[in-house]
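# Understanding the architecture of this molecule
Below, each chain spelled out in residue letters.
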Amino acid sequence: MNSLVPTETSYKIDGATLAATKMAHEFGHVNRTAKVDPVLYQLQSQVIPQYNKIFLSNGRNASDPRLIDLAKKIGGTPVEVWEDREYWGEANAMVYLRDRFTEESQRCPLFTRIRRTVDLYAKNYEPRFLEIAQSTPTRKICGWQ
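Read on for an overview of the structure. Quick caveat: nothing in here was measured; it's all calculated off a predicted structure. (Residues numbered from 1 in each chain as written. Predicted model: local features only at pLDDT ≥ 70, side-chain atom pairs only at ≥ 80, totals over all residues. Heavy atoms only, no water.)

This paragraph deals with helix α3 (residues 65–74). Among the residues of α3, L67, L70, A71 and I74 are the ones counted as buried. The arc enclosing the buried residues of α3, seen along the axis, measures out at 100°, which places them on a common side. Residues of α3 that are exposed and point more than 90 degrees away from the buried face comprise P65 and K72. Buried-residue contacts for α3 involve α2 (38–57) and α4 (78–100). Downstream of α3 by a residue or two, G75 has a phi angle that is positive, lying close to 85°. (Buried < 20%, exposed > 50% of the residue type's maximum accessible area, 1.4 Å probe, protein only. Helix = DSSP H or I, 4+ residues; strand = E, 2+ residues; numbered from the N terminus. Arc of directions from axis to C-beta. Contact = heavy atoms within 4.5 Å.)

And the structure:
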């Protein structure tokens, strides 16, 4: 979503497209939740408040063995779990934008901005965005060359 912020040289995204992109982001959460192990998802929802309570009461010591054990059980720290979930929403928003902007003159500058944003904030999640960039109808992956 940060990639939609207008710059002096960027294509202006209208309100309807921005709103639809936000909806696509939320549907990305729904789609991903439908695909994940429901037992793990429920465990994460139960354990994250426990993790946070320990973290806040132990002087914010992430090396606490109790926190390390909890993180192993839920597949990462609460921040890592949140990031993974959030970037599935962002990936779904990118699918919408890929399909919305079919002309390379619009899609390529946008994908280039998305790539820069991924490099800055979500480098560990780059493969999911690259896969979407590679799935463009023209196969030109704009920004991921």
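One finds M94, F111, I114, F129 and W144 to be the most contacted residues of the largest nonpolar core, which totals 20 residues. It is helix α5 (residues 104–121) that provides the largest number of residues to this core, a total of five residues. Beyond its immediate chain neighbours, meaning those up to four positions away, F111 contacts M94, R98, A133, T136, I141, C142 and W144. Ranked by size, the runner-up nonpolar core spans nine residues in total, among them V47, I54, L67 and A71. (Core = buried A, V, L, I, M, F, W, Y, C linked by side-chain atoms within 4.5 Å.)

Overall, the coordinates contain one disulfide when judged by the stated rule. One disulfide bridge connects C108 with C142, the sulfur atoms lying 1.9 Å from each other. Pair noted here: C108 is in helix α5 and C142 is in the segment after α6 (126–134), with a separation of 34 residues, a long-range link. (Disulfide = S-S within 2.5 Å.)

Further remarks concern unusual backbone geometry. Backbone geometry places R60, a non-glycine residue, at a positive phi of 60°. Tracing the chain through its elements places R60 in the loop between α2 and α3. Residue R60 is classed as exposed on the basis of its relative accessible area of 55%.

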